[in-house]
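Chain by chain, the residues run as shown.
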Amino acid sequence: MQQLLRKIAFPFSLIYALVVHLRNALYDVGIFTSASYGTPTICVGNLSVGGTGKTPMTEYLIRMLQGQRVAVLSRGYKRKSEGFLLATPHTGVLDLGDEPYQLKKKFPEVAVAVDADRRNGIAQLEEYVRPEVIILDDAFQHRRVKPAFSILLTMHSALFVDDWYLPTGNLRDAKKEAQRADVIIVTKCPASLSSAEREQIAKRLRANANQKVLFATLEYHNEVTDGGQQRMELLELKGKQLALVTGIASPEPLVTHLNSMGIQFEHFEYGDHHHFTDKEIQQFKDHEVVLTTEKDFVRLEGRLKNLFYVQIAHSFDAKDRAILEKMVKNVV
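In this text the structure is predicted, and so the values were computed from the model without any measurement. (Residues numbered from 1 in each chain as written. Predicted model: local features only at pLDDT ≥ 70, side-chain atom pairs only at ≥ 80, totals over all residues. Heavy atoms only, no water.)

Asker: Which parts of the structure should I look at to understand the overall build of the protein chain?
Answerer: The secondary structure content of the protein chain amounts to eleven helices and 13 strands. Over its C-alpha atoms the protein chain spans a radius of gyration of 20 Å, differing by no more than 12% from the 20 Å that the globule rule assigns to 332 residues. With the principal axes as the frame, the protein chain shows a C-alpha extent of 60 × 45 × 40 Å. Looking at the protein chain residue by residue over its 332 residues, the buried ones come to 48%. In the protein chain, of all internal contacts separated by at least 6 residues, the share reaching a separation of at least 24 is 74%. On the protein chain, roughly 16,400 Å² of surface is accessible, and the fraction owed to carbon and sulfur atoms is 51%. Of the charged side chains in the protein chain, 42 are positive and 40 negative; the average position of the first set lies 5 Å away from that of the second. (Helix = DSSP H or I, 4+ residues; strand = E, 2+ residues; numbered from the N terminus. Rg over C-alpha atoms; globule rule 2.2 N^0.38 Å. Buried < 20%, exposed > 50% of the residue type's maximum accessible area, 1.4 Å probe, protein only. Contact = heavy atoms within 4.5 Å. Areas by Shrake-Rupley, 256 points an atom, 1.4 Å probe, with all protein chains shown as cover. Lys, Arg positive; Asp, Glu negative; His and termini not counted. Charge placed at Lys NZ, Arg CZ, Asp CG, Glu CD.)

In structure tokens form, the structure reads like this:
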């Protein structure tokens, strides 16, 4: 049914594409302007909505930049607050949004802020935090800011070159805008991806001479945790009455991973950034274990006694990791 609705919406996707191309053309000719800043800014983003692993990539950069004064600026999608907000230890998930809250909880030493107006957000951070580097989360399409370094993510199973514009497809920006990226990272690759397959993908992405194309796999932690002291091996979930609860754009890799380990579960799947109601929680709260993602955990924490999450991280081979680290550290 959803696919049928997307096909019916094709005329609207043409209008959307026209608006996107017109907007980019106005930036290209200088009618709309992009601002640069004295503080090095690293943009992490994509051309399609959701599912490419932006938050794990932001976490990867934070770990890479340990020892630097790092700030993260996000829009704070679906948050209840407005304007600029700098997170404190007492700021809640509804004020920040799930992904910025997750980052602040995991990296309390990092300044995490939200603002839909990226220019204002950067100005506020420069005045009150004075970071040495600012990571702009999900900001590739926000051309009002010209970052010092841009990382474009695209998922191996849904490359942006194969996509179409919203609402028929998932593209929210023009494919040609990939040329603005300094590096294109293909995420959620199979671990067995061969050199020949990498070369084929790089050709399809049509990277220019100044761009690097890197490849990352999604690595799942062997343990699940309740966010406190209680942990168990992922394999210990076998044989338990398990509910898998996901409110993310692309749960398929996690589902595939659990299936590969022989773990049986009932999957309760919701839309990205979903705010769970008490009625929805009633449907799965009586399972022996409720497993979710780290992003969903921050929206369910405290509402279930048997809630655990599995951590994920991007993983690169030694060559690609060295290339990315060199490029990022040259900017900083």
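The discussion continues.
Asker: Even after reading the chapter, I still don't get the nonpolar core, so can you show me in this structure?
Answerer: Note that soluble globular proteins tend to have their nonpolar side chains buried in a common cluster. In terms of nonpolar packing, the biggest core is built from 31 residues, with Leu152, Val186 and Leu205 touching the most fellow members. Counting residues per element, the ones that place at least two in this core are α2 (10–28), β2 (70–74), β4 (111–114), α6 (118–128), β5 (133–137), β7 (183–187), α7 (195–205) and β8 (212–225). Aside from chain neighbours lying at most four places away, what touches Leu152 is Gly45, Asn46, Leu47, Phe140, Phe160, Ala178, Ala181, Val183, Ile184 and Ile185. Listed in part, the 30 residues of the second largest apolar core include Phe107, Val133, Ile135 and Leu324. (Core = buried A, V, L, I, M, F, W, Y, C linked by side-chain atoms within 4.5 Å.)

Asker: Would you mind showing me how to read the state of the cysteines here?
Answerer: What makes a disulfide is a covalent bond joining the sulfur atoms belonging to two cysteines. Inspection of every chain in the model, using the stated rule, returns zero disulfides. In this structure Cys43 is a free cysteine whose sulfur lies 20 Å from that of Cys189, the closest cysteine sulfur available. (Disulfide = S-S within 2.5 Å.)

Asker: What is the right way to read the pattern of salt bridges from this model?
Answerer: A side chain with one charge may pair with a side chain of the opposite charge, provided their charged atoms come close. Taken as a whole and assessed by the stated rule, the structure comprises 22 salt bridges. Among the salt bridges present, the one from Asp320 reaches Arg198, with a minimum N-O distance of 3.4 Å. Linking Asp320 in helix α11 (residues 318–331) with Arg198 in helix α7, this pair joins segments that are 122 residues apart in sequence. Judged by its relative accessible area of 6%, Asp320 is buried. A relative accessible area of 21% means that Arg198 is categorised as partly exposed. (Salt bridge = Lys/Arg side-chain N within 4 Å of Asp/Glu carboxyl O.)

Asker: Before we go on, may I ask you to explain helix α3 (residues 54–64) in this structure?
Answerer: Within α3, ten of the eleven residues are buried, leaving the element largely enclosed by the surrounding structure. Residues of α3 that are buried: Lys54, Thr55, Pro56, Met57, Thr58, Glu59, Tyr60, Leu61, Ile62 and Met64.

Asker: Quick question: what am I supposed to make of the pairing of strand β12 (residues 289–293) here?
Answerer: Among the five residues of β12, five are classified as buried, and the element is accordingly described as predominantly covered. Of the two faces of β12, both are covered, the one formed by Val289, Leu291 and Thr293 as well as the one formed by Val290 and Thr292. Bridge count for β12 against strand β13 (residues 307–316) is four bridges, and the pairing is parallel. What sits directly across from Thr292, in β13, is Tyr309. (Pairing = 2+ DSSP bridges.)

Asker: Explanation requested: the packing of α3 against helix α5 (residues 98–106) in the structure shown.
Answerer: The description of two packed helices rests on the angle between their axes and on the distance between the axes. Contact pair α3 / α5: the axes reach a minimum separation of 11 Å and the direction vectors enclose 30°. Taken together, the axes of α3 and α5 are roughly parallel relative to one another. You can see that α3 and α5 cross each other, and the crossing is right-handed. Contacts between α3 and α5 pair Thr55, Thr58, Glu59, Ile62 and Arg63 from the former with Glu99, Gln102, Leu103 and Lys106 from the latter. Along the lines of polarity and charge, the residues of the contact of α3 with α5 split into two nonpolar, three polar and four charged. (Axes fitted to C-alpha atoms, helices over the stretch in contact; angles between N-to-C directions. Parallel < 35°, antiparallel > 145°, perpendicular 65-115°, else oblique. Left-handed = near helix turned anticlockwise from the far one by under 90°. Nonpolar A, V, L, I, M, F, W, Y, C, P; charged D, E, K, R; others polar.)

Asker: Looking at this model, I keep getting lost on the environment of Val290. Mind explaining?
Answerer: Note that Val290 resides in strand β12. Once the C-alpha coordinates of Val290 and Ala123 are considered, the two residues, 167 residues apart in sequence, prove to be 42 Å apart.

Asker: It is not clear to me how the packing of α3 against α11 should be interpreted in this structure. Could you clarify?
Answerer: It is the contact of α3 with α11, at a shortest axis distance of 11 Å, that shows an interaxial angle of 70°. When the axis of α3 is compared with that of α11, the two are roughly perpendicular. Here Tyr60, Leu61 and Met64 of α3 lie close against α11, whose contacting residues are Arg321, Leu324, Glu325, Val328 and Lys329. Classifying every residue of the contact of α3 with α11 by side-chain character gives five nonpolar, no polar and three charged.

Asker: Is there a simple way to explain α5 in this structure?
Answerer: Along an α-helix, a turn takes 3.6 residues, which lines up residues three or four apart on a common side. Buried within α5 we find Asp98, Glu99, Pro100, Gln102, Leu103 and Lys104. In this structure, the buried residues of α5 make contact with α3, β2, α4 (93–96), β4, β5 and α10 (294–300).

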